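Spelled out from the first residue to the last, the chains are:
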Amino acid sequence: MVNRMSLRFIYGKGGTGKTTYCFQSIRELINQEQKIYIITPEQFSFTAEKNLMEVLDRKAVINAEVITFQRMAYRILNDVGGVINSPITNCGKAMLLASIIEKQKDNLNFLGKTDKNLDLIIRIITEFKKNQITNKILEDRINIIENEYIKRKLKDIRLLYSNFQNVIKDSYLDDDDLLTIIKEKIKESKMFQNSYIYIDEFAGFTKQEYSIIEELLKISKQVNITSCTDSLESNLNEETDIFYSNKKTILKLKEIAIKNNINIAEPIELKEVYRYKNKELKHLSANLYNAQAKKYEENCQNIKLFLASNHYSEIENTANNIVELVRDNDYRYKDISIITKETDEYASLIKSIFKKYNIPVFIDEKKDINQNILVKYIISILEIFAKSWKVESVLNYIKTGFLIELSEQDIYVFENYCKKYGITGFKKFTTEWTLEADNSKEIEKLNSIRLKVVSPLLSFKEQLGKNKTVKDITKALYIFLEENNIQKALIDKINMLNEMGNIELANIYNTSWNLLIDILDELVLVLGEEKISFENYTNLLRVGFNNASLGKIPATLDEVIVGDVDRTRNSKKRAIFIIGLNDGKFPSINKNEGFINDEERIYLKEKGIELAKTTKEQIYDENYNIYKAFGVAEEKLYLSYSASDNDGKGLRRSVLINKIRKLFPKLLEESDIIQSKAYISSKEITFDLLLLNLRKFLNGEHIDSIWFELYEIYRQDELYKEKLSKSIEGFYYSNCPEKINKENLEKLYGDTIKTSISKLESYRRCPFSYYLKYALRLDDRTELKLERLDTGTLMHDVINDFFEVLKEKNKSVKDIEDKEIEKIVEEIINNKLLLKQNYIFNSIPKYVVLTKRLKKVIIRAIKYIIG
């Protein structure tokens, strides 16, 4: 019989079946009609629910439930009541803090207004809350800190922290405060009274979570906590013990139990490793981080090592192996995972290559919402007003494709005109264009395009008064989107993408509208009545977009999952691919200590402010994550690294590769640098390989007879036979230029050669360039910008015209006075400015000022020549 109120540890190394043991125990307790809760991290909750249904043989149950700490908090608040304000998301938190920084920027010592600093502030406030450091604690500790530099840092944090808390305390609920709020309410709830609790898959706990566990220990019958470790001994050695962090966690939990007179039950030690289906993987798990590691002297069949020439080759080899596993070894895609430290670097390659191989894949990555077309459209509209109608903002606005009345040709014509005549600013865009008036139809069309661009924007501006609040701008912006049918235009784009087969981008567009509305709602919720400029509103909205993410879930259950070794927690898989095992990448070189560095964290801990782990401790955590990642595979483990990155820069292999080669001296390393292994997989990939082998055959090399059989298959395939025929024609193509016949030559250049030394030199350098410039007469787009040549030409022309005027007036240079010189030069320049080719000199105020300076220089030059 279990003692009332007890703590029990279930521990063992990776693969010993800790989770399995928990659910087997739960099966017995369910039959006894006991109340049971399984608490897991968010990313494991789905797997835990699935496991629960399996141990119950898929029968319904009401006395066992899987929850997370966050779900627990909301359940308790709903159960016992209390202040439940509107929740504020990370996006809302970021926008609110950005607004606070803007107001307090003159009072801050270190934290200026940048995206990087905003991220730092969000992280440090979250860190303070998770470690239960309140404004009051912070204020008290600041007063006893002697180090002036650290004190000033903390004052910056406290100023922003206190302002943030003052805004949200009566109106909003920050998720980071949830566990602090419910600590006192757990005992009021009957939810966990006399229950059995299993806390599984955690690698450590925050101070908030420790405090919740402490309360659960007081009211439940038993709290079971799993831990991946080889023992419960407290003699910690952080340098050599891979389980150092977990043992430290166990030590803290024991201290909590002893402080509250909670019985610590006999622990369950699991020694037998069940996960691994072969000796190699079992040996790897036992020895990878073992100071007394033993070598595996047998041949290695289930661990593969591959050296790729580059990242592309590495992913292609991974795809080939996955195809082979699924086709020949009775694997499902869901049985396979890919783990890396460089998800961003590999994501695009994986998508494109796996698409060719018809491999369904889900990449656990954060999407940059700023690249979303709807976001670009919104930001461009606001920037037009924030940046006083700069031409770049207007062009960004029309190029998003939401102005359905404009064709691509209209956009090109509009852009060329703006560039040619320096159209920028409110006045230039809102008054009728008259330049190029010699072509009335063209100028009429240009003004029609201009009105289509400008009219909706002016309508948007008219809806706002002079004193604009966040709510006013947001409301006007929403009305603008509604009036211009932007949601419908977005749906049309989604349908088009679906028809093209670009399902992933279509899904992103599909969720972007709702995400936009959520961000606008939250912006109004937290800052609705604040008066604001368009520039600051745009900046706040950017912050919101930067801190929002498009939710993404796997499209199907049968997919290869790609995840980061630190962020993604894989459950056991039959086959694991660990890619990117290069020095400095896997494991990574962690140099970013954050706003508060390691030395300052140690100092603050002595002063009673214990924060998150130092970078040194994070390295130990990363090693543990790597240990877990290498232990996920049940049957096969594929390891790979590259000799160079995407830019061709050389890469070294990871120290982990050296470790594994020492552990497995007979492990063979394959490489595409030494030999190429051809896989027959999808039609598209195999077709490319067929062409490669046919080229080898034509060059006299020996190829396998299977390629001739494949040639016949593709030759008879309706979809590929023409493509094959054209490709083979290409084998015999000779890249020799053909001579232009006399008739076409005369059309291009005429029957008489009109040339110059510079033209002949141009032909000698590059005949094609000569053809483009002098035959097709192609030229760069004309843009309104002042070159030295323009000023030199103007000065030369004015001086030349000055002496022509004297000649017409029959005046001698000896008789002319200074005032008359100035008058003549003024008239010449003013006349020239009226001419179209000199429009640049009076197009914008900057050039008008320059022209006045040029007048003075020209007058001085003429006086010098005369005198």
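The text that follows walks through the structure, step by step, so that each part is easy to find. (Residues numbered from 1 in each chain as written. Predicted model: local features only at pLDDT ≥ 70, side-chain atom pairs only at ≥ 80, totals over all residues. Heavy atoms only, no water.)

**Observations concerning the overall build of the protein**
Here comes step 1: Secondary structure assignment for the protein yields 34 helices and 16 strands.
Here comes step 2: Considering only C-alpha atoms, the protein reaches an extent of 125 × 80 × 50 Å along its principal axes.
Here comes step 3: Counting across all 867 residues of the protein, residues that qualify as buried make up 46%.
Here comes step 4: For the protein, restricting intrachain contacts to residue pairs at least 6 apart in sequence, the fraction spanning at least 24 positions comes to 77%.
Here comes step 5: Summed over its atoms, the accessible surface of the protein is roughly 47100 Å², and 49% of this surface lies on carbon and sulfur atoms.
Here comes step 6: Counting 134 positive and 130 negative side-chain charges, the protein places the centres of these two groups 2 Å from one another. (Helix = DSSP H or I, 4+ residues; strand = E, 2+ residues; numbered from the N terminus. Buried < 20%, exposed > 50% of the residue type's maximum accessible area, 1.4 Å probe, protein only. Contact = heavy atoms within 4.5 Å. Areas by Shrake-Rupley, 256 points an atom, 1.4 Å probe, with all protein chains shown as cover. Lys, Arg positive; Asp, Glu negative; His and termini not counted. Charge placed at Lys NZ, Arg CZ, Asp CG, Glu CD.)

**Here we look at helix α19 (residues 470–483)**
Here comes step 1: For α19, built from 14 residues, the straight-helix expectation of 20 Å at 1.5 Å per residue is met to within 8% by its first-to-last C-alpha distance of 20 Å.
Here comes step 2: Buried within α19 are the following residues: Val 470, Ile 473, Thr 474, Ala 476, Leu 477, Phe 480 and Leu 481. The arc enclosing the buried residues of α19, seen along the axis, measures out at 165°, which places them on a common side. Facing away from the buried side of α19 by over 90 degrees, the exposed positions are Lys 475 and Glu 483.
Here comes step 3: On its buried side, α19 packs onto α14 (373–386), α15 (391–399), α18 (440–462), α20 (486–500), α21 (503–527) and α22 (534–546).
Here comes step 4: In the stretch just after α19, Asn 485 is the one whose phi turns positive, near 50°. (Expected span 1.5 Å × (residues − 1). Arc of directions from axis to C-beta.)

**As for the sheet that holds strand β15 (residues 633–642)**
Here comes step 1: An order of β12-β13-β11-β14-β15-β10-β16 is seen for the seven strands of this open sheet, with the pairing classed as parallel. A strand with exactly one partner marks an edge of an open sheet, and here the two such strands are β12 (361–363) and β16 (669–671). Within the sheet, the average angular offset between the axes of one strand and its neighbour, ignoring direction, is 20°.
Here comes step 2: Sheet topology places strand β11 (residues 336–340) next to strand β13 (residues 560–564); four bridges connect them, and they run parallel. Each residue of the ladder has a partner; that of Thr 340, found in β13, is Asp 564.
Here comes step 3: Of the strands in this sheet, β11, β12, β13 and β15 touch helix α13 (residues 343–356), which is tilted by about 165° from β12. (Pairing = 2+ DSSP bridges. Axes fitted to C-alpha atoms, helices over the stretch in contact; angles between N-to-C directions.)

**Remarks on the pairing of strand β1 (residues 6–12)**
Here comes step 1: Extensive coverage of β1 is indicated by the burial of seven of its seven residues.
Here comes step 2: Neither face of β1 is open: one carries Ser 6, Arg 8, Ile 10 and Gly 12, the other Leu 7, Phe 9 and Tyr 11, and all of them are buried.
Here comes step 3: As judged from the two bridges shared by β1 and strand β8 (residues 263–264), these two strands associate in the parallel manner. Bridge pairing links Ser 6 to Asn 263 in β8.
Here comes step 4: Taken together, the seven bridges between β1 and strand β7 (residues 222–228) define a ladder with parallel strand orientation. By the bridge assignment for β7, Arg 8 is matched with Asn 224.
Here comes step 5: Where β1 lies against strand β9 (residues 268–269), two bridges are found, and the strand directions are parallel. By the bridge assignment for β9, Ile 10 is matched with Ile 268.

**Notes on the pairing of β15**
Here comes step 1: Among the 10 residues in β15, 10 count as buried, and that is most of the element.
Here comes step 2: Where strand β10 (residues 303–308) meets β15, six bridges bridge the pair, whose relative direction is parallel. In the sheet register, Lys 304 faces β15, and the bridge partner there is Tyr 638.
Here comes step 3: Examined bridge by bridge, strand β14 (residues 573–578) and β15 share five bridges and lie parallel to one another. Its bridge partner lying in β15, Ile 576 is registered against Leu 637.

**Some thoughts on the nonpolar core**
Here comes step 1: One finds Leu 154, Tyr 377, Tyr 397, Phe 414, Phe 429 and Tyr 537 to be the most contacted residues of the largest nonpolar core, which totals 104 residues.
Here comes step 2: No other element matches α21, which puts 12 residues into this core.
Here comes step 3: Those residues in contact with Tyr 397 that sit more than four places away from it in its chain are Tyr 377, Ser 380, Ile 381, Ile 384, Leu 403, Val 453, Pro 456, Leu 457 and Phe 480.
Here comes step 4: One finds Ile 338, Ile 353, Phe 354 and Val 560 within the second-largest nonpolar core, a separate group that totals 37 residues. (Core = buried A, V, L, I, M, F, W, Y, C linked by side-chain atoms within 4.5 Å.)

**Considerations on unusual backbone geometry**
Here comes step 1: The step from Phe 586 to Pro 587 runs through a cis peptide bond, and the omega angle for that step is 0°.
Here comes step 2: Positionally, Pro 587 belongs in the loop between β14 and α23 (598–606).
Here comes step 3: Its identity is not glycine, yet Asn 261 carries a phi of approximately 55°, on the positive side.
Here comes step 4: Turning to its location among the elements, Asn 261 is positioned in the loop between α10 (244–259) and β8.
Here comes step 5: For Trp 389, which is not glycine, the phi torsion reads 60° and is therefore positive.
Here comes step 6: Along the chain, the position of Trp 389 falls in the loop between α14 and α15.

**Considering a nonpolar patch on the surface**
Here comes step 1: Nonpolar side chains collect at one region of the surface, where Phe 697, Leu 698, Phe 708 and Tyr 732 lie side by side and expose about 430 Å² of accessible area between them.
Here comes step 2: Among the secondary structure elements, Phe 697 is positioned in helix α26 (residues 683–698).
Here comes step 3: Judged by relative accessible area, which is 42%, Phe 697 ranks as partly exposed. (Patch = residues over 30% accessible without salt bridge, like charges linked within 9 Å, V, L, I, M, F, W, Y side chains within 5 Å. Salt bridge = Lys/Arg side-chain N within 4 Å of Asp/Glu carboxyl O.)

**Comments concerning the packing of helix α4 (residues 90–104) against helix α7 (residues 148–168)**
Here comes step 1: Two elements in contact, α4 and α7, have axes whose closest approach is 10 Å; the angle formed by their N-to-C orientations is 125°. Our classification of the angle between α4 and α7 gives oblique. Considering the relative orientation of α4 and α7, their crossing is right-handed. Between α4 and α7, the contacting residues are Lys 93, Leu 96, Leu 97, Ile 100, Ile 101 and Gln 104 on the first element and Leu 159, Leu 160, Asn 163, Phe 164, Val 167 and Ile 168 on the second.
Here comes step 2: Residues that form the contact of α4 with α7 fall into these classes: nine nonpolar, two polar and one charged. (Parallel < 35°, antiparallel > 145°, perpendicular 65-115°, else oblique. Left-handed = near helix turned anticlockwise from the far one by under 90°. Nonpolar A, V, L, I, M, F, W, Y, C, P; charged D, E, K, R; others polar.)

**Structural notes on the pattern of salt bridges**
Here comes step 1: Per the stated rule, a full pass over the model turns up 41 salt bridges.
Here comes step 2: Residue Lys 187 is joined to Glu 215 by a salt bridge in which the shortest nitrogen-to-oxygen separation is 3.9 Å. Of this pair, Lys 187 sits in the loop between α8 (178–182) and β6 (196–199) while Glu 215 is found in helix α9 (residues 207–219), placing the two residues 28 residues apart along the sequence.
Here comes step 3: For Lys 187, a relative accessible area of 44% translates into the label partly exposed.
Here comes step 4: Connected through shared salt-bridge partners, Lys 93, Lys 129, Asp 174, Asp 176 and Asp 177 make up one network.

**Quick word on helix α11 (residues 279–287)**
Here comes step 1: Every buried residue of α11 is listed here: Glu 280, Leu 281, His 283, Leu 284, Ser 285 and Asn 287.
Here comes step 2: As for α11, its buried residues are in contact with β10, α24 (615–630), β15 and α25 (655–663).
Here comes step 3: Regarding α11, its N-cap is Asn 278, as a side-chain oxygen of that residue lies 3.5 Å from the backbone nitrogen of Glu 280 further along. (Polar contact = N/O pair within 3.5 Å; in protein donor to acceptor, adjacent residues only side chain to side chain.)

**Points about the packing of aromatic side chains**
Here comes step 1: One pass over the full model with this rule turns up 34 aromatic pairs.
Here comes step 2: Note on Tyr 763 and Tyr 770: the rings are 5.3 Å apart at their centroids and 90° apart in plane angle, and the pair reads as edge-to-face.
Here comes step 3: For Tyr 763, a relative accessible area of 46% corresponds to the partly exposed category.
Here comes step 4: Chaining the aromatic ring pairs together yields one cluster made of Phe 385, Trp 389, Phe 414, Tyr 417, Tyr 421, Phe 426, Phe 429, Trp 433, Phe 460, Phe 480 and Phe 534.
Here comes step 5: Geometry around Tyr 331 places Arg 574 over its ring, the cationic atom sitting 3.8 Å from the centre. (Phe/Tyr/Trp six-rings, centres within 6.5 Å; stacked < 30°, edge-to-face > 60°. Lys NZ or Arg CZ within 6 Å of the ring centre and 35° of its normal.)

**Structural notes on the side chain of Gln 104**
Here comes step 1: Along the chain, Gln 104 turns up in helix α4.
Here comes step 2: Among all residues touching Gln 104, those that are not within four sequence positions of it are Leu 159 and Asn 163.

**Observations concerning the environment of Glu 599**
Here comes step 1: Considering the arrangement of structural elements, one finds Glu 599 in helix α23.
Here comes step 2: Overall, Glu 599 belongs to the exposed group, its relative accessible area being 65%.
Here comes step 3: When the C-alpha atoms of Glu 599 and Thr 614 are compared, they prove to be 8.6 Å apart, with 15 residues separating the residues in sequence.

**A few points about the environment of Leu 349**
Here comes step 1: One can find Leu 349 in helix α13.
Here comes step 2: Sequence separation between Leu 349 and His 311 is 38 residues, and the spatial gap between their C-alpha atoms is 8.0 Å.

**Here's the deal with the side chain of Ser 313**
Here comes step 1: Tracing the sequence through the fold places Ser 313 in helix α12 (residues 311–328).
Here comes step 2: Residue Ser 313 is classed as buried on the basis of its relative accessible area of 12%.
Here comes step 3: Those residues in contact with Ser 313 that lie beyond four places of it in its chain are Phe 306, Ala 308 and Asp 672.

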